[in-house]
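Spelled out, the chains give:
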Amino acid sequence: MCSTVPQGYRSVGENRFREVVGRGLEEFVVGQVIEHRPARTVSGTDHALTLALTGNPAPVHCDTQFCERMGRDRPLLCGIVTLGIVLGATVRSTSGLTSANLALDGVRFEHPVYVGDTLRAETEILMARPCRSRPECGVVTCRTAGYNQHGQRVLTYTRTFLVPAAAGVVRDATDY
């Protein structure tokens, strides 16, 4: 029988633990940097599904001959895939309990990304304060950067979202 709660979990019964998803306002510290794991390797399926779902016909993303004639050895990954993978990597440890996304600002694609690249994310907490219009919530703003397997920064953005003021209340009410 385990008497201590493993890090990243909370006790929900005798010798029973649940993974912690997201944070409450009190758990955000301005200046804190979170290194998100696991990293994720971009698949051809990720890319093809996004092109199909968005209807993006740009040949730089899907036509190998076009890319070769433009001096690229292969198609570029569609930016929305890069953004989705990097942002998705941050959710478990930042906004997993969010009730609303408020803003996504200053998105910059800084280095090309291709199928087969492995992406990871880092997030710095810029601001965390009580919400003026919804006292049960807090407003968090963070700056996230995505990196490839070579350590090259491929993407940056700033994101603002609502989190519970007291995460424990939401976790108990929702079984999270």
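Residues numbered from 1 in each chain as written. Predicted model: local features only at pLDDT ≥ 70, side-chain atom pairs only at ≥ 80, totals over all residues. Heavy atoms only, no water.

Draft legend 1. Broad picture of the packing of aromatic side chains. For the structure shown, the criterion picks out one aromatic pair. Taking 6.3 Å as the distance between ring centres and 65° as the angle between the ring planes, the aromatic pair formed by Phe28 and Phe161 counts as edge-to-face. Note that Phe28 is positioned in the loop between β2 (16-19) and β3 (33-41) and Phe161 in strand β7 (residues 153-164), a separation of 133 residues in sequence. Each member of the pair, Phe28 as well as Phe161, carries the same accessibility label: buried. The ring of Phe28 has Arg23 lying over it, and the distance from NZ or CZ to the ring centre is 5.4 Å. Over the ring of Tyr114 we find Arg74, and its NZ or CZ is 4.1 Å from the ring centre. (Phe/Tyr/Trp six-rings, centres within 6.5 Å; stacked < 30°, edge-to-face > 60°. Helix = DSSP H or I, 4+ residues; strand = E, 2+ residues; numbered from the N terminus. Buried < 20%, exposed > 50% of the residue type's maximum accessible area, 1.4 Å probe, protein only. Lys NZ or Arg CZ within 6 Å of the ring centre and 35° of its normal.)

Draft legend 2. Just unusual backbone geometry, in detail. The residue after Arg37, namely Pro38, is reached through a cis peptide bond having omega 5°. Residue placement: Pro38 occurs in strand β3. Although it is not a glycine, Asn15 adopts a positive phi angle of roughly 55°. If you check the backbone angles, Asp175 has positive phi at about 65° while not being a glycine. With respect to the secondary-structure elements, Asp175 resides in the segment after α5 (167-174). On the accessibility criterion, Asp175 (54% relative accessible area) is exposed.

The values reported here are purely geometric and, on their own, carry no functional implication.
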